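If you want the building blocks of each chain, they are given just below.
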Amino acid sequence: MPLNIYNSNSRKKEVFESITPGHVGMYVCGPTVSGESHLGHARPYITFDIVYRYLTHKKYKVRYVRNITDAGHFEEEGREAEDKVAKKAQVEKMEPMELVQKYTNLFHWAMKQFNCIEPSIEPTATGHIVEQIGMIEDIISKGYAYEVNGSVYFDVKKYAATHDYGKLSGRIIDELLDSSNRDSTTRDLEGQQEKKDPADFALWKAAPPEHIMRWRSPWGEGFPGWHIECSAMATKYLGAQFDIHGGGMDLLFPHHESEIAQSTICNHAAPVKYWMHNNMITINGRKMGKSYNNVIKLTELFSGSHDLLSQAFHPMTVRFFILQSHYRSTLDFSNDSLMSSEKAFKRLWEAYEVLKKLSFEENESPKDIELDTKINSWLNEFEEFMDDDFGSPRVIANMFELAPIINSLKDGLIANDAISSKTLAYLKERFTTFLENIFGLKSVDESNNELLAPVMQLLLDIRKEAKSKKDFATSDKIRNQLVEMGIVIKDEKDGNTSWGVE
RNA sequence: GGUCCUUUGGCCGAGUGGCUUAGGCAAAGCUCUGCAAAAGCUUCUACAGCGGUUCGAAUCCGCUAGGGACCUCCA
């Protein structure tokens with residue numbers, strides 16, 4: 001079965017065929033490093049990490065470009081038009097670039113915690129001013145942009161006359177252009193009057209004197225518009241047309257719509273073959289926002305230092321939590337649901353650890369053909385589900401179907417010869433491939449301490465001796481005190497004892 | 001106000017015109033066990049409401065109600 005991807009542009013699932021056979025160009029809108037990353041940021045980067053990993057699994061050579069927006073142009077609730085980098089820098093008495101560096105580092109740290117693979121190229125907006133100016137000049141020369149007072153605007157009305165502006169985001173162009181149609185939510189922003197039409201968007205903005213971030217341009221000192229950044233970098237590294245462009249649904253309009261317009265004029269072709277958008281994370285049913293006081297930063301999530309959290313959550317728990325829902329569904333976050341994911345992940349991972357250690361004699365013919373068939377069928381569905389627009393929740397559901405079987409094989413509740421050794425090998429391979437390589441999950445257990453392991457072995461030996469002499473006072477003392485230290489031990493059916501750090 | 005999306009059992013969450021209304025968490029019972037934990041088995045059963053299409057709909061259409069996202073343009 002070929003890979004099917006839901007294309008936001010056509011609003012349906014399409015068979016994925018890369019423009020250049022064997023290669024995939026993928027661009028994902030990266031973070032704006034004017035502040036700390038929060039839970040909402042985790043979703044797109046984990047989602048597209050899975051896409052990246054899965055395409056790689058499908059033997060594609062992927063060039064994954066994810067930008068860093070480090071120049072001042074941001075969207076923000078309150079819709080106050082201000083350069084957050086510049087403003088915050090003044091408040092904090094920092095250089096803008098110092099601030100940018102700090103939050104870039106924090107972002108990279110968080111990505112590492114999540115076990116996200118680094119993109120192939122991570123370009124910065126400030127590093128591509130030249131390309132952006134070049135692109136703007138091109139758009140002006142083609143007659144789709146105009147300069148006013150040192151700012152340059154894209155002429156949406158002219159573009160819309162011959163192109164399908166609004167298709168991606170489902171806007172109706174006449175309504176966008178009909179200014180009388182606007183209600184009170186339309187912002188009365190500075191610079192609005194100088195535009196030919198309210199629907200026009202800025203490609204370049206003249207910088208007022210107090211603006212710290214500024215670059216020279218043919219139109220005077222200023223800074224680039226938000227949308228041109230992605231168009232310029234995507235074109236530079238992936239070409240005029242590339243396969244996948246990803247990002248959050250909130251970027252559909254105006255950001256991605258504008259990207260299409262800009263690139264279409266410059267390159268004479270729609271830039272992207274497959275548009276992918278992840279849905280948003282809500283918190284207790286509400287969108288994240290400062291006014292709700294429910295923005296949870298990643299550092300707070302990992303440390304548990306937030307009013308909405310009862311405990312710290314491991315990055316792998318968060319990753320698993322995100323994978324348990326489909327990327328195009330809204331995902332409601334709550335302390336309870338994360339706690340439930342934490343337990344679920346632990347259970348699944350322990351079954352996986354058990355699986356890795358399972359081994360038995362070669363046998364060609366399974367005694368329980370029905371079970372053997374069922375297992376193979378569940379395993380085959382892993383790839384089938386992922387091929388259907390990255391159905392990670394269904395893959396995980398199948399893994400949970402298999403977990404009791406794995407545990408039963410270990411405990412002898414299911415005889416080893418019930419399934420063939422070929423099936424067991426397949427089981428192991430599929431789990432490793434999907435759990436580790438594709439889902440990017442890894443153990444949360446930090447007990448691989450070279451010093452601790454032999455000490456634990458000693459304690460467990462002593463406890464075993466005590467138990468054999470029915471000296472339960474001693475054996476319970478060891479167990480109970482270890483629990484207090486955060487180490488849990490379990491007496492297994494086979495007489496051995498396992499342990500782990502909670 | 002406009003556009004679009006969404007509504008599944010105590011909670012979280014898949015899914016599809018009829019095979020079985022996934023799976024996880026929680027809860028209850030049982031098995032195993034020195035006890036505990038873990039594990040295994042079992043139970044609880046939902047598809048917002050009202051119409052319609054259909055042999056048949058939670059899945060398609062319409063209406064109603066709740067929820068959500070976006071509605072921009074440079075700071």
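Positions within a chain are numbered from 1, following the residues in the order the chain's sequence is written. Throughout, the order in which chains and ligands are written sets their labels, letters from A for the former and numbers from 1 for the latter. Restriction of local features to residues with pLDDT of at least 70 applies here, the model being predicted, together with a cutoff of 80 or more for giving and counting side-chain atom pairs; totals for whole chains, interfaces and linings are based on all residues. For the side-chain quantities, the full set of heavy atoms in the structure was used; hydrogens and water were omitted.

K.L.:
Which parts of the structure should I look at to understand the overall build of chain A?
P.N.:
Secondary structure counts use DSSP, requiring at least four H or I residues in a row for a helix and at least two E residues in a row for a strand, with both numbered from the N terminus. Secondary structure assignment for chain A yields 16 helices and 15 strands. The contact criterion used is simple: two residues touch if any of their non-hydrogen atoms lie within 4.5 Å. Across chain A, every contact between residues at least 6 apart in sequence was considered, and the portion connecting residues at least 24 apart equals 74%.

K.L.:
What am I meant to see in helix H7 (residues 226-238) here?
P.N.:
Given 3.6 residues to a turn, an α-helix orients residues that are three or four positions apart in the same direction. In this model H7 runs 19 Å from its N-terminal to its C-terminal C-alpha over 13 residues, within 8% of the 18 Å that 1.5 Å per residue would give. For each residue, the accessible area found with a 1.4 Å probe, counting protein chains only, is set against the maximum for its type, and the residue is called buried under 20%, exposed over 50%, and partly exposed in between. Of all 13 residues in H7, 11 are buried; the element is thus mostly enclosed. Listed in full, the buried residues belonging to H7 are Trp226, His227, Ile228, Glu229, Cys230, Ser231, Ala232, Met233, Ala234, Tyr237 and Leu238. Downstream of H7 by one or two residues, Gly239 has phi in the positive range, about 95°. To estimate the expected span of a helix, subtract one from its residue number and multiply by 1.5 Å.

K.L.:
Sorry if this is basic, but what is going on with the packing of helix H11 (residues 335-357) against helix H13 (residues 392-411) here?
P.N.:
Each pair of packed helices can be described by the angle between their axes along with the distance between the axes. Two elements in contact, H11 and H13, have axes whose closest approach is 9 Å; the angle formed by their N-to-C orientations is 45°. The orientation of H11 relative to H13 falls into the category oblique. Crossing handedness for the pair H11 and H13: left-handed. On the side of H11, the interface is formed by Ala344, Arg347, Leu348, Ala351, Val354 and Leu355, while H13 contributes Met399, Phe400, Ala403, Pro404, Ile406, Asn407 and Lys410. Split into classes, the residues belonging to the contact of H11 with H13 amount to 10 nonpolar, one polar and two charged. Only the stretch in contact is used when a helix axis is fitted, and all axes are lines through C-alpha atoms; the angle between N-to-C directions ranges over 0 to 180 degrees. In these notes the angle categories are as follows: under 35 degrees is roughly parallel, over 145 is roughly antiparallel, 65 to 115 is roughly perpendicular, and the rest is oblique. In this scheme, a crossing is called left-handed if the near helix is turned counterclockwise away from the far one by less than a right angle; it is called right-handed if the turn is clockwise. Residue polarity follows a fixed list, in which Ala, Val, Leu, Ile, Met, Phe, Trp, Tyr, Cys and Pro are nonpolar, Asp, Glu, Lys and Arg are charged, and the others, Gly among them, are polar.

K.L.:
It is not clear to me how the pairing of strand S1 (residues 4-7) should be interpreted in this structure. Could you clarify?
P.N.:
In the case of a regular strand, side chains alternate between the two sheet surfaces. Both faces of S1 are covered, namely the face carrying Asn4 and Tyr6 and the face carrying Ile5 and Asn7. Sheet topology note: the S1/strand S2 (residues 12-15) ladder contains four bridges and is antiparallel. Each residue of the ladder has a partner; that of Tyr6, found in S2, is Lys13. Two strands make a pair as long as DSSP finds a minimum of two bridges between them. Once S1 ends, the chain turns through four residues before running back antiparallel as S2, passing Arg11 with a positive phi of about 60°.

K.L.:
Any chance you could explain the sheet that holds strand S8 (residues 222-224) here in plain terms?
P.N.:
Sheet strands pair by backbone hydrogen bonding; their relative direction is either parallel or antiparallel. An order of S5-S6-S7-S8 is seen for the four strands of this open sheet, with the pairing classed as antiparallel. The sheet is open, and its two edges are formed by strand S5 (145-148) and S8, each paired on a single side. If you compare each strand with its neighbour and ignore which way they point, the axes differ by 20° on average. Two elements, strand S6 (residues 151-154) and strand S7 (residues 201-206), share three bridges in a ladder whose sense is antiparallel. Along S7, the bridge assignment pairs Tyr153 with Ala202. Contacting S5, S6, S7 and S8, helix H4 (residues 129-141) crosses the sheet at an angle of about 120° to S7.

K.L.:
Hey, could you run me through unusual backbone geometry in this one?
P.N.:
Backbone phi values are negative for most residues with the exception of glycine, while trans is the configuration of most peptide bonds. The peptide bond linking Phe253 to Pro254 adopts the cis configuration, its omega dihedral lying at 0°. Tracing the chain through its elements places Pro254 in helix H8 (residues 252-267). With a phi close to 60°, His268 is a non-glycine residue in the positive phi region. Inspection of the secondary structure assignment puts His268 in the loop between H8 and strand S10 (272-278). Residue His268 is classed as exposed on the basis of its relative accessible area of 63%.

K.L.:
Would you mind going over the nonpolar core with me for this structure?
P.N.:
Nonpolar side chains tend to gather and get buried jointly when the protein is soluble and globular. Residues belong to a common nonpolar core when they are buried Ala, Val, Leu, Ile, Met, Phe, Trp, Tyr or Cys residues joined through side-chain atoms within 4.5 Å. With 87 residues, the main nonpolar core has Ile244, Leu301, Phe333, Phe431 and Phe439 as its most contacted residues. At 10 residues, the largest contribution of residues to this core is made by helix H1 (residues 39-57). When residues are assigned to domains, this core turns out to be shared by domain 1 (4-278) and domain 2 (283-438), each giving three or more. If we ignore the near neighbours within four places in the chain, the residues touching Phe431 are Leu348, Tyr352, Leu355, Leu379, Phe382, Met399, Leu402, Ile406 and Glu436. Of all hydrophobic cores here, the second largest spans 40 residues; its members include Met233, Ala261, Ile265 and Cys266. Domain ranges listed in this record stem from an automatic or a database domain assignment.

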